[in-house]
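Structure assessment
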There are 2 protein chains.
Amino acid sequence: MILIDYKDSRPIYEQVVDKFRLLIVNGVLKAEDKMPSVRTLAVELSINPNTIQRAYGELERRGYIYTVKGRGNFVSDTEGYKDEYRSEIFGRLDEVCDSAFKAGITAGELKDRIDKVKEGESDDKD
Amino acid sequence: MILIDYKDSRPIYEQVVDKFRLLIVNGVLKAEDKMPSVRTLAVELSINPNTIQRAYGELERRGYIYTVKGRGNFVSDTEGYKDEYRSEIFGRLDEVCDSAFKAGITAGELKDRIDKVKEGESDDKD
DNA sequence: TAAGTGTACTAATTGAATTAGTACACTTAT
DNA sequence: ATAAGTGTACTAATTCAATTAGTACACTTA
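Described below are features of the structure shown in this document. Here the structure is a predicted model, which means the values were calculated and not measured.

**Remarks on the pattern of salt bridges**
Residue and element names in this part refer to chain A. This model, assessed by the stated rule, comprises 20 salt bridges over all chains. For the salt bridge of E121 with K118, the shortest nitrogen-to-oxygen distance reads 3.5 Å. Using a relative accessible area of 30% as the deciding quantity, one classes E121 as partly exposed. The class for K118 is partly exposed, based on a relative accessible area of 37%. Among the charged side chains, a network of salt bridges with common partners joins D8, R10 and D18.

**Points about the interface of chain A and chain B**
Interfaces are frequently sized by the accessible area removed from exposure as the parts join. With 30 residues of chain A in contact, the opposing surface of chain B contributes 30 residues. Buried area between chain A and chain B, summed over both chains or domains, comes out near 3,100 Å², and the portion from carbon and sulfur atoms is 67%. At the surface where chain A touches chain B, the tally comes to six salt bridges. We note a salt bridge from K111 of chain A to D115 of chain B, for which the minimum N-O separation is 2.8 Å. Summed over the shared surface of chain A and chain B, the number is eight residue pairs in polar contact (both at pLDDT 80 or more). Counting residues per element, the ones that place at least two in the side of chain A that touches chain B are α4 (79–102) and α5 (107–119) of chain A. With 16 residues, α4 of chain A is the single largest residue contributor to the side of chain A that touches chain B.

**A word on unusual backbone geometry**
Although it is not a glycine, S46 of chain A adopts a positive phi angle of roughly 55°. For E32 of chain B, which is not glycine, the phi torsion reads 80° and is therefore positive. Within the secondary structure, E32 of chain B is located in the loop between α1 (12–25) and α2 (38–45).

**Observations regarding the packing of aromatic side chains**
Counting across every chain of the model gives six aromatic pairs over all chains. With a centroid separation of 4.9 Å and an interplanar angle of 45°, the aromatic rings of Y64 of chain A and Y81 of chain A are classed as tilted. Of this pair, Y64 of chain A sits in the loop between α3 (49–61) and β1 (65–68) while Y81 of chain A sits in helix α4, and the two are 17 residues apart along the sequence. Residue class for Y81 of chain A comes out partly exposed when judged on its relative accessible area of 22%. Over the face of the ring belonging to F74 of chain B we find K34 of chain B, whose NZ or CZ atom lies 5.8 Å from the ring centre. The positively charged end of K118 of chain B is found above the aromatic ring belonging to F101 of chain A, 4.2 Å away from the centroid.

Conventions we followed
- Residues numbered from 1 in each chain as written.
- Chains lettered and ligands numbered in written order.
- Predicted model: local features only at pLDDT ≥ 70, side-chain atom pairs only at ≥ 80, totals over all residues.
- Heavy atoms only, no water.
- Salt bridge = Lys/Arg side-chain N within 4 Å of Asp/Glu carboxyl O.
- Buried < 20%, exposed > 50% of the residue type's maximum accessible area, 1.4 Å probe, protein only.
- Contact = heavy atoms within 4.5 Å.
- Buried area = accessible area lost by both parts, 1.4 Å probe.
- Polar contact = N/O pair within 3.5 Å; in protein donor to acceptor, adjacent residues only side chain to side chain.
- Helix = DSSP H or I, 4+ residues; strand = E, 2+ residues; numbered from the N terminus.
- Phe/Tyr/Trp six-rings, centres within 6.5 Å; stacked < 30°, edge-to-face > 60°.
- Lys NZ or Arg CZ within 6 Å of the ring centre and 35° of its normal.

These figures come from the coordinates and say nothing about function on their own.
Pasting the structure below:
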């Protein structure tokens with residue numbers, strides 16, 4: 001369900017947080033779905049339970065999951081967070097545009113590129 | 001000329017490399033311009049000369065600057081690197097598009113956003 | 001010759017991330 | 001009641017990259 005990239009220089013717990021965030025905001029994991037237990041996932045990924053715990057703590061802090069002691073972690077109702085995630089993506093787009101314009105790339109070129117990506121979509125990647 | 005962001009989790013030498021890369025590919029620093037000396041810049045930024053040296057070594061390895069022993073570091077002819085930099089930006093755009101499409105954002109929405117950024121350009125930022 | 005430049009090297013320090021180990025509280029099923 | 005599974009909380013040790021510190025050497029220019 002989740003894969004760690006050891007070539008990635010970011011902390012493992014951060015990668016775990018991001019992967020789950022994507023699964024949740026993109027609807028793969030739905031509200032009330034049960035998250036894998038801390039210990040289970042730790043064994044699955046061959047990393048320390050503390051690292052998973054830290055990731056789950058972060059996900060809870062940010063509202064993506066909630067905890068029931070003794071029962072486990074569950075996905076929250078994240079409808080509200082989808083807008084937040086969209087904003088995040090637009091923010092990233094803004095940065096790319098800034099860099100692009102500074103480097104002399106035109107809005108037209110960017111738009112053409114979007115169309116190309118759109119065409120090639122659903123290709124087997126990553 | 002350069003500013004370090006201590007809130008940024010990336011290594012200092014990497015930040016230095018990036019800042020100079022931008023100055024160079026965007027034409028602020030031109031071919032044959034003299035780079036600040038390792039020691040001067042170290043004092044200016046209040047960081048260790050070794051860190052600057054590492055950054056300069058990286059810039060040289062990547063072809064952005066060249067070294068003349070005893071004289072200093074100078075900006076290379078970077079015309080060829082501008083294409084490389086453009087590709088990099090398009091690559092970043094591709095990633096944003098992928099995320100966007102997965103999150104249900106349409107190509108049209110992305111294009112509209114580009115126009116908005118284009119309008120607000122040359123605003124006093126960073 | 002003196003001052004300024006880059007280069008090379010080793011050692012020490014720092015700090016975050018990760019791992020290791022333990023203990024405790026709660027829930028569920030038996 | 002008991003056992004197994006769950007989350008939580010702590011402290012200590014380890015690992016690793018980045019950074020700092022210090023020194024020495026070679027070259028260029030004035």
